[in-house]
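The residues making up each chain are set out below.
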Amino acid sequence: MKGETTIDAFEQAMDKRRVKGRSLYVDAWHRLKRNKAAVAGAIILLFIMVLVTVGPMLNPWDHEIPDWDNYSTPPSLDTGHVMGTDALGRDLFERVMVGGRISLLVGVIATLVSLVIGVTYGAVAGYLGGRVDNWMMRAVDAIYALPFMFFVILLMVVFGRNIFLIFVAIGAVNWLDMARIVRGQTLSLKNKDFIEAARVSGATERQIIGRHIIPNLLGVVVVYVSLTIPQVILVESFLSFLGLGVQEPLTSWGALVNEGAQELETAPWSLLFPATFLAATLFAFNFLGDGLRDALDPRDR
Amino acid sequence: MLNYSLKRLASAIPTLLILITVAFFLIRIAPGGPFDSEKALPPEIEANLEAKYQLDDPLIIQYFRYLGDIAQFDFGPSFHYRDWTVNQLIAQGAPVSFTLGGIALVLAFVFGVGIGIWAALKQNSPSDYLTMSVAMIGISIPNFVAAPILILVFAITLGWLPAGGWDGSIQRMILPAVALSLPMIAYVARITRGSMIEVLHSSFIRTARAKGMPEHEVLLRHALKPALLPVISYLGPAAAAILTGSVVIERIFTIPGIGSHFVQGALNRDYTLVMGVVIFYGVLIILLNYLVDLLYAWLDPRIRYEG
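Here is what the cut-offs are and how they apply
- Residue indices begin from 1 for each chain and proceed along its sequence in written order.
- Chain letters start at A and ligand numbers start at 1, both assigned in the order the entries are written.
- In view of the model being predicted, local features appear only for residues whose pLDDT reaches at least 70, and side-chain atom pairs are presented and counted only at 80 or more, with totals across whole chains, interfaces and linings using the full set of residues.
- The side-chain quantities take in all heavy atoms of the structure and omit both hydrogens and water.
- Here a strand is any run of E in DSSP of at least two residues, a helix any run of H or I of at least four, and the numbering for each starts at the N terminus.
- Burial classes: relative accessible area under 20% of the type maximum marks a residue as buried, over 50% as exposed, and values in between as partly exposed (1.4 Å probe, protein chains only).
- Residue contacts are defined here by distance: any two heavy atoms, one from each residue, within 4.5 Å place the two residues in contact.
- Every residue carries a pLDDT, the predictor's confidence in it, which falls somewhere between 0 and 100.
- Residue types Ala, Val, Leu, Ile, Met, Phe, Trp, Tyr and Cys, when buried and joined through side-chain atoms within 4.5 Å, form a set referred to as a nonpolar core.
- Any pair of Phe, Tyr and Trp rings, taking the six-membered ring for Trp, is counted once the centres come within 6.5 Å. Such a pair is stacked with planes under 30 degrees apart, edge-to-face with planes over 60 apart, and tilted for the rest.
- A ring is considered to have a charge above it if a Lys NZ or an Arg CZ atom is located within 6 Å of its centre and within 35 degrees of its normal.
- Throughout, the accessible surface (probe 1.4 Å) given up by two parts as they are put together, summed over both, is called the buried area.
- Each reported salt bridge corresponds to a side-chain nitrogen of Lys or Arg within 4 Å of a carboxyl oxygen of Asp or Glu.
- Within 3.5 Å is the distance limit for a polar contact, defined as a pair of N or O atoms, with the added protein rule that one can donate a hydrogen and the other accept it, and that residues adjacent in sequence qualify only through two side-chain atoms.
- Patch criteria: residues need more than 30% relative accessible area and no salt bridge. Like-charged residues are merged within 9 Å; nonpolar side chains of Val, Leu, Ile, Met, Phe, Trp and Tyr are merged within 5 Å.
- Here the Shrake-Rupley method, with its probe set to 1.4 Å, supplies the accessible areas, and only the displayed protein chains count as covering residues.
- Expected helix span is taken as 1.5 Å per residue step, with the number of steps being one fewer than the number of residues.
- Fitting axes to the seven residues that end at a residue and to the seven that start at it, the angle between those axes gives the bend at that residue.
- To obtain an axis, a line is fitted to C-alpha atoms, over the contacting stretch when the element is a helix, and the angle between two such axes runs from 0 to 180 degrees between their N-to-C directions.
- Just so you know how the angles are binned, under 35 degrees is roughly parallel, over 145 roughly antiparallel, 65 to 115 roughly perpendicular, and the rest oblique.
- Handedness of a helix crossing follows the sense of rotation of the near helix relative to the far helix, less than a right angle counterclockwise being left-handed and clockwise being right-handed.
- Residue type decides the class: Asp, Glu, Lys and Arg count as charged, Ala, Val, Leu, Ile, Met, Phe, Trp, Tyr, Cys and Pro as nonpolar, and the leftover types, Gly among them, as polar.

## Observations regarding the overall build of chain B
On a plain count of helices and strands, chain B comes out with 13 helices and zero strands. Ordered by position from N to C terminus, the α and β elements of chain B give α-α-α-α-α-α-α-α-α-α-α-α-α. Considered along the principal axes of its C-alpha atoms, chain B spans approximately 85 × 55 × 30 Å. Burial statistics for chain B: of 307 residues in total, 45% are counted as buried. Relative to all contacts within chain B whose residues are 6 or more apart in sequence, the contacts with residues 24 or more apart total 73%.

Okay, here's the thing in structure tokens:
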């Protein structure tokens, strides 16, 4: 009985110290806030996300129904088309917003798919180690050397152009990096002195995983996610640009850039607006990801 | 070195096999055959067509025959362009694609390395920040966005260069090659800057400076080689990115290269052509990666011994 109370008291004392200590993430947060480029990236992203969500609600036009009086008109407040209309008379602002929803959605969902596959695969390989790990990683190496984009195109050709397939195809091919990173991190964490120390001082397996392994994995995962989303958005735009991605009546920034590129001479605005949104989003994600990496991984500095 | 190169070769072969196998079976489980049309063909004709293209054998026999054909670099007939073989289509497009890709690769590395070194020497100065911000913008603008904008500015508005087509002349190569290499210049610049800064902070550079060596000697004789190592390891992925990028660039500039055939094949569901290009490019990329690895191991002996 008495022994237990001392342990309780000890744990309470540890709890207090835990509150006082600056955790890895508080530190990282402070570093991130000081990085102007990353903060700018975050603000741009937030702005684009809010605009894409709220914009269509405030806009009277529909992304499918043409305005019969205005074909290929330049941006103008008089007609009510702030970004002009395309060759079919559809409001470009509405289309850019709807396309943005799709592009961002594909980016996030496909990244989540690759995250789930990659973390599971990498953690299992790293945790089991030995021969299983060796073979699992060899498989990853073999797949890694494949021409990725051609493979996705092959998938789209074979299974038809379906938006869910885009999620799966991109996610299923993009998990390799995650698997490698998580495996490496798990392997090195497993043998770290502080894990050993925690074990010796009587921490349970659950405490070790919750307090040491997961927080240490979380950093790389966050960085990876922020750098993968723009990659995925880029792949989706690439496919849609070629006409192999999102199909009408849905649209995405890549598909809009493609439409705009075809009306380049008569309606340059139909290229410039979607292109700007696409580039700004990728730009913001890249800066934010870079900032997060610097903030969460001080070794790189 | 020989040992290492054999070891690396052994690991490239399974990749090739996976590539061919997955591509083959993906195509075969695809819904819809190459001879499907609006009007159903009479069964006899369909049987004859399948016999002609040897599609009536068991799948596993078809697979091994395809493997055998590929070993002899025979990708079979195109299903869409009935009078053409895939080999002919690839042979026709390859010189164009390789010229374009080669120019883009050279541009990417010459300008990328140059800009990267320049930024590294001015580390943390306003011009360094400016260059790297511009590089980040360059990375964020995909080449299929940059290409139409370049056309808009230099072909339509200014009228300096032709907007597309291919006749082997330099004027027609400039815009597509620049569009293809822009994101890569930015990327190479970032890698070079990072590694150059790291090298410049290492102790052997300090020693060289302490000895009183002139700064340009320090840079050329000591700093450059180690700083270029990460850039060289990027050669493999860069080549892959060029091949991928050429698919859209050739389409935008209506250039008759392999990439155009590939996209057209994909839209026409020309299975043999798509598969042929995927395997052709796959082999090329694997081969390039292999060569780059060897080059890297030759330059950095640590790699060889680690295994």
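Picking up after the structure, the text goes on.
## Remarks on unusual backbone geometry
Apart from glycine, the bulk of residues carry a negative phi angle, and the bulk of peptide bonds sit in the trans form. Residues and elements named next belong to chain B. Notably, Thr 254 is not glycine yet its phi reads approximately 40 degrees, a positive angle. Considering the arrangement of structural elements, one finds Thr 254 in the loop between helix 10 (235–252) and helix 11 (258–268). Judged by its relative accessible area of 55%, Thr 254 falls in the exposed class.

## Things to note about the confidence of the model for chain B
Taken over all residues, the pLDDT of chain B has a mean of 80, while the share at 70 or more is 93%. This prediction of the complex comes with two scores: 0.78 for pTM and 0.75 for ipTM.

## A word on the nonpolar core
Ile 153 and Leu 242 of chain A together with Phe 144 and Phe 253 of chain B are the most contacted members of the largest nonpolar core, which totals 134 residues. If sequence neighbours within four positions are ignored, Phe 253 of chain B has contacts with Ala 147, Ile 151, Ala 163, Gly 164, Gly 165, Leu 175, Pro 176 and Ala 179 of chain B. Grouped together as the second largest cluster of nonpolar side chains are eleven residues, Leu 115, Met 178, Ile 195 and Ile 213 of chain A included.

## Considerations on the packing of aromatic side chains
For the structure on display, the rule yields twelve aromatic pairs over all chains. Ring centres of Phe 241 of chain A and Phe 144 of chain B lie 5.0 Å apart, and the angle between their planes is 35 degrees; on these two criteria the pair is classed as tilted. Of the two residues, Phe 241 of chain A sits in helix 9 (residues 205–241) while Phe 144 of chain B sits in helix 6 (residues 143–157), which places them in two different chains. Overall, the relative accessible area of 2% leaves Phe 241 of chain A in the buried class. Through pairs of rings, three or more aromatic residues link up here, namely Phe 238 and Phe 241 of chain A together with Phe 144 of chain B. The ring of Trp 135 of chain A has Arg 138 of chain A sitting right over it, with the charged end atom 5.3 Å from the ring centre.

## A few points about the interface of chain A and chain B
Each partner contributes residues to the interface: chain A has 39 residues there, and chain B has 43 residues. Three residues, Phe 150, Leu 154 and Val 158 of chain A, lead the burial of chain A against chain B; their summed loss comes to 19% of the area buried on that side. In this assembly, chain A and chain B are joined by one salt bridge. Between Arg 190 of chain B and Asp 290 of chain A there is a salt bridge; the shortest N-O distance is 2.8 Å. Inspection of the region where chain A meets chain B yields three residue pairs in polar contact (both at pLDDT 80 or more). Those elements giving two or more residues to the side of chain A that touches chain B turn out to be helix 6 (148–159), helix 9, helix 10 (253–262) and helix 11 (269–296) of chain A. With eleven residues, the top contributor of residues to the side of chain A that touches chain B is helix 11 of chain A.

## Observations regarding the environment of Phe 47 of chain A
Considering the arrangement of structural elements, one finds Phe 47 of chain A in helix 3 (residues 36–58). Here the alpha-carbon distance between Phe 47 of chain A and Asn 191 of chain A, two residues 144 residues apart in the chain, equals 43 Å.

## A few points about the environment of Leu 105 of chain B
All names here are of chain B. Turning to its location among the elements, Leu 105 is positioned in helix 4 (residues 86–121). A relative accessible area of 22% places Leu 105 in the partly exposed class. Residues Leu 105 and Ala 239, spaced 134 residues apart in sequence, show a C-alpha to C-alpha distance of 7.3 Å. Contact partners of Leu 105, with chain neighbours within four places excluded, come to Met 184, Leu 235, Ala 238, Ala 239 and Ile 242.

## Regarding a nonpolar patch on the surface
Taken together, the side chains of Leu 46, Val 50, Val 54, Met 57 and Leu 58 of chain A present a nonpolar region at the surface, about 540 Å² in accessible area. Turning to its location among the elements, Met 57 of chain A is positioned in helix 3.

## Re the side chain of Thr 251 of chain A
Topologically, Thr 251 of chain A is positioned in the loop between helix 9 and helix 10. Once residues lying within four places of it in the same chain are set aside, the contact partners of Thr 251 of chain A are Arg 95, Val 98, Gly 99, Ile 102, Val 246 and Leu 256 of chain A.

## Some remarks on the pattern of salt bridges
All names here are of chain A. Tallying each qualifying case throughout the model produces six salt bridges over all chains. For Asp 133, the salt bridge goes to Arg 183, with nearest N and O atoms at 2.7 Å. Of this pair, Asp 133 sits in helix 5 (residues 130–144) while Arg 183 sits in helix 7 (residues 163–190), placing them 50 residues apart in sequence.

## Some thoughts on helix 3 of chain A
All names here are of chain A. Under the 1.5 Å per step criterion, the end-to-end length of helix 3 is 32 Å for 23 residues, consistent within 8% with the ideal 33 Å. Along helix 3, the largest kink reaches about 35 degrees and is centred on Val 52; proline Pro 56 follows within four residues of it. Inspection of helix 3 places Ala 38, Gly 41, Leu 45, Ile 48, Val 52, Gly 55 and Pro 56 among the buried residues, and these make up the whole buried set.

## Observations concerning helix 7 (residues 170–200) of chain B
Compared with the 45 Å implied by 1.5 Å per residue over 31 residues, the 39 Å span of helix 7 of chain B between its first and last C-alpha is markedly short. Along its length, helix 7 of chain B shows its largest kink, about 40 degrees, at Ser 181 of chain B, and proline Pro 183 of chain B lies within four residues downstream of that point.

## Digging into the side chain of Ser 270 of chain A
Residue and element names in this part refer to chain A. The residue Ser 270 is located in helix 11 in this model. By relative accessible area, which is 4% here, Ser 270 ends up buried. Contacts of Ser 270, omitting those with residues within four sequence positions, involve Leu 92, Leu 256, Gly 260 and Glu 263.

## Some points on the environment of Asp 270 of chain B
All names here are of chain B. By the secondary structure assignment, Asp 270 is in the loop between helix 11 and helix 12 (271–299). Asp 270 gets classed as buried once you look at its relative accessible area, which sits at 0%. Considered as a pair, Asp 270 and Ala 120 are 150 residues apart in the sequence and their alpha carbons are 48 Å apart. If we skip the residues at most four places from it in the chain, Asp 270 touches Ser 78, Phe 79, His 80, Tyr 81 and Gly 265.

## So, the packing of helix 6 of chain A against helix 1 (residues 2–28) of chain B
Contact geometry of helix 6 of chain A with helix 1 of chain B gives a least axis separation of 10 Å together with a crossing angle of 15 degrees. Comparing the axis directions of helix 6 of chain A and helix 1 of chain B gives the class roughly parallel. By crossing handedness, the relation of helix 6 of chain A to helix 1 of chain B is classed as left-handed. In contact with Phe 151, Leu 154, Leu 155, Val 158 and Phe 159 of chain A of helix 6 of chain A, helix 1 of chain B contributes Leu 19, Val 22, Ala 23, Leu 26 and Ile 27 of chain B.

## Quick look at the packing of helix 9 (residues 215–233) of chain B against helix 10 of chain B
Residue and element names in this part refer to chain B. Contact pair helix 9 / helix 10: the axes reach a minimum separation of 4 Å and the direction vectors enclose 40 degrees. Every residue of helix 10 that contacts helix 9 at Val 231, Ile 232 and Ser 233 is listed here: Leu 235, Gly 236 and Pro 237. Its residues placed into classes, the contact of helix 9 with helix 10 shows four nonpolar, two polar and no charged.

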